[in-house]
Each structure stands twice: as C-alpha cells, then as structure tokens.
Amino acid sequence: MTSKTGLGILTLTACAAALLVVAPAAAKTIEQEKPYAVTGTTGAELYASIGQNGPQVGRSGGRVIAHTFFKLTWRRNYVPENGGCTLKSATPTLIITYTLPKPANPLPPVVQKRWDIFIEGLRRHEKVHGEHIKAMLARIEQTTIGVSVSNDPGCQKIRREIQKPLSDASIAQRQESRDFDRIEMGSGGAIQRLILELVNGD
C-alpha cells in the first residue's frame, strides 16, 4: 500500500449518503457526482426505474438507490535515521464519487417538485458517507505520520507497522457508514420518508 516515492492506493465503498469533518489542508480532495439515467413521468415509475437501473454493489450485485465510492492514494516520505525509519510526511489525494439517479426526460412540474426534494435528500445522505471517508483520512494521518521504527534502515518494518492503524481507520469508516444507513433506511428513517413522499404523491 505504500512506497518510498511512489503511490499507495486504497479503494473502498460506502453503501448508499452532513457532519463537517474537513480534510487536512495538505490533502487534495475531489468530490464528484456520477448520474445514472432513470425514466418515468410519475414518482412510482421513477422509483421502479431506480430499482432496475441503480448501481450494483457488494458480492451479490444487488442494486441500490445511490452509492458513494472513493479512491485514496498517498505519497509517503519515509526517512532513514539513526538506524531506524520515520514516516516524516504523507500527502493524500482523495477522490469521492457519488452515484445518484437523474431523470432522462423532463418531468411534469408537480413530479419535478417532488423529485427535487427526493434527490436533494439523497444527496445529503451520500454526503454524510463522504464525510465519514474524510474522517477516515484524518484518522490515518493522525495515527501514521510521525511513526518511527527502530532497527529499520531500509524502511521496510515501518510499512508493516502502519498497516494496523490503516486497517483500524478503514474498519471504523465502514462501521460508521453501516450504522448511519441502518438509521436512515430503517422504519421511519429519512430515506424511507423520501421514497414514500416521491411515490405517494401520484
């Protein structure tokens, strides 16, 4: 995952959507939306199209309404000193992609109004997943930059040493996202309400 002068890459997904945890100034963070087309002229038709065309995630390939994916790369500076090695700095580049539905054709005004509420709610949900990812990045920086390992002139042991904090930060991010989805998508949750408001207005 790391290299003395090269890139380390970590890619993970967050299941479906705002805490404000700002990434450190040194980080380059890019957030982008990737739409997928849905069709229909009623809320029910649009929701049915989401079920047919939504992004596929997980081993089962099940479809979801929306999805957050990220790619995290690093430039790490390992410095041999006094027979050991220290991770002096680490510069991350984080790309977060939010996949959201978008009507392929113009909607009737009354449906458009409900859709606007629906999609903005989805966007807020996915942005929370994005903030969980940014918080993970901050945890990685806090727990790895400055780490030193003795008797490591070739800077090999330190690469193994930082694997645990990297794993811990990733596990925490996934758990945060799962807990958030459990609330948002549960009975009476925000996502369920958005769906009902979209469909029941027909």
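Because the structure is a prediction, the values reported are computed rather than measured.

Undergrad: Describe the packing of aromatic side chains, and please don't skip the residues or the numbers.
TA: Two descriptors summarise a pair of aromatic rings, namely the distance from one centre to the other and the angle between the planes of the rings. Following the criterion strictly, the structure yields one aromatic pair and no others. Geometrically, the ring pair formed by Trp115 and Phe118 is tilted, given 5.3 Å between the ring centres and 45° between the ring planes. Placement of the pair is Trp115 and Phe118 together in helix 2 (residues 109-144), with a separation of three residues, close to one helical turn. With a relative accessible area of 1%, Phe118 lands in the buried category. A cation sits over an aromatic face here: Arg159 above Tyr78, 4.6 Å from the ring centre.

Undergrad: Tell me what's going on with the confidence of the model for the chain, and back it up with residues and numbers.
TA: Close reading of the predicted structure is inappropriate where its pLDDT is low. For the chain, per-residue confidence averages 87 on the pLDDT scale, and residues scoring 70 or more make up 87% of the total. With pLDDT under 50 throughout, residues 1-25 is counted as low confidence; its partners more than four residues away or in other chains account for 86 contacts.

Undergrad: Summarise unusual backbone geometry; cite the residues concerned and give the values.
TA: Positive phi values are uncommon outside glycine, yet Asn82 reaches one of about 55°. Among the secondary structure elements, Asn82 is positioned in the loop between strand 5 (67-81) and strand 6 (84-103). Positive phi, normally seen in glycine, also occurs at Asn151, with a value near 50°. Overall, Asn151 belongs to the exposed group, its relative accessible area being 56%.

Undergrad: Tell me what's going on with helix 1 (residues 43-53), and back it up with residues and numbers.
TA: Among the residues making up helix 1, those that are buried are Gly43, Leu46, Ser49 and Ile50. Buried residues in helix 1, looked at end-on, bunch into an arc of 125°, giving them a common side.

Undergrad: Describe helix 5 (residues 190-199), listing the residues and the values that go with them.
TA: Taken residue by residue, helix 5 has Ile191, Leu194, Ile195 and Leu198 as its buried positions. Buried residues along helix 5 cover an arc of 95° about the axis, so they all sit on one side. Where the residues of helix 5 are buried, they touch helix 1, helix 2 and helix 4 (163-184).

Undergrad: Help me get a handle on the nonpolar core, residues and values and all.
TA: Phe70, Leu72, Tyr78, Leu94, Met136, Ile140 and Ile158 are the most contacted members of the largest nonpolar core, which has 20 residues in total. When contributions to this core are tallied by element, the ones reaching two or more residues are strand 5, strand 6, helix 2 and helix 4. Among the elements that line this core, the one with the most residues is strand 6, at six residues. Each residue touching Ile158, except ones within four places of it in the same chain, is listed here: Tyr78, Cys85, Thr86, Leu87, Val147, Val149 and Asp152. Listed in part, the 17 residues of the second largest apolar core include Val38, Leu100, Val111 and Leu198.

Undergrad: Tell me about the environment of Thr144, residues and numbers included.
TA: Relative to the helices and strands, Thr144 resides in helix 2. When the C-alpha positions of Thr144 and Leu166 are compared, they lie 7.9 Å apart, and in sequence the two are 22 residues distant. Setting aside chain neighbours within four positions, we find Thr144 in contact with Leu87, Ile162, Pro165 and Leu166.

Undergrad: Outline the pairing of strand 5, supporting the account with residue identities and numerical values.
TA: Pairing analysis gives 15 bridges linking strand 5 to strand 6, with the strands arranged antiparallel. Within strand 6, the residue paired with Phe69 across the bridge is Thr97. Linking strand 5 back to strand 6 in an antiparallel pair, the connection comprises two residues, with Asn82 at a positive phi of about 55°.

Undergrad: Outline the pattern of salt bridges, listing residues and values.
TA: Applying the stated criterion across every chain, the model contains nine salt bridges. Here Arg123 ties to Glu120 by a salt bridge, and the two come within 3.0 Å at their closest N and O atoms. With Arg123 and Glu120 both in helix 2 and three residues apart, this pair spans about one turn of that helix. Glu120 gets classed as partly exposed once you look at its relative accessible area, which sits at 37%.

The rules behind the values
- Once a new chain begins, its residue numbering starts again from 1 and follows that chain's sequence as written.
- Residue-level local features of this predicted model are given only where pLDDT is at least 70; pairs of side-chain atoms are given and counted only at 80 or more, and the full residue set underlies all totals for whole chains, interfaces and linings.
- Only heavy atoms go into the side-chain values, all of them from the structure, while hydrogens and water stay out.
- The aromatic pairing rule takes the rings of Phe, Tyr and Trp, using the six-membered ring of Trp, and pairs them if the centres are within 6.5 Å, calling planes under 30 degrees apart stacked, those over 60 edge-to-face and the rest tilted.
- Helix numbering and strand numbering both begin at the N terminus, where a helix is a DSSP run of H or I of at least 4 residues and a strand a DSSP run of E of at least 2.
- The cut-offs for exposure are 20% and 50% of the maximum accessible area for each residue type, with area from a 1.4 Å probe on protein chains only; residues under the lower value are buried, those over the upper are exposed, and the others partly exposed.
- Criterion for a charge above a ring: Lys NZ or Arg CZ within 6 Å of the ring centre, and within 35 degrees of the ring normal.
- pLDDT is a residue-level measure of predictor confidence that goes from 0 to 100.
- For this analysis, residues touch if any pair of their heavy atoms sits within 4.5 Å.
- The arc in question is the one traced by the directions running from the helix axis out to the C-beta atoms.
- As used here, the term nonpolar core means buried Ala, Val, Leu, Ile, Met, Phe, Trp, Tyr and Cys residues forming a set that is joined through side-chain atoms within 4.5 Å.
- At least two DSSP bridges between two strands are needed for those strands to be called paired.
- Definition used for salt bridges: Asp or Glu carboxyl oxygen within 4 Å of a side-chain nitrogen of Lys or Arg.

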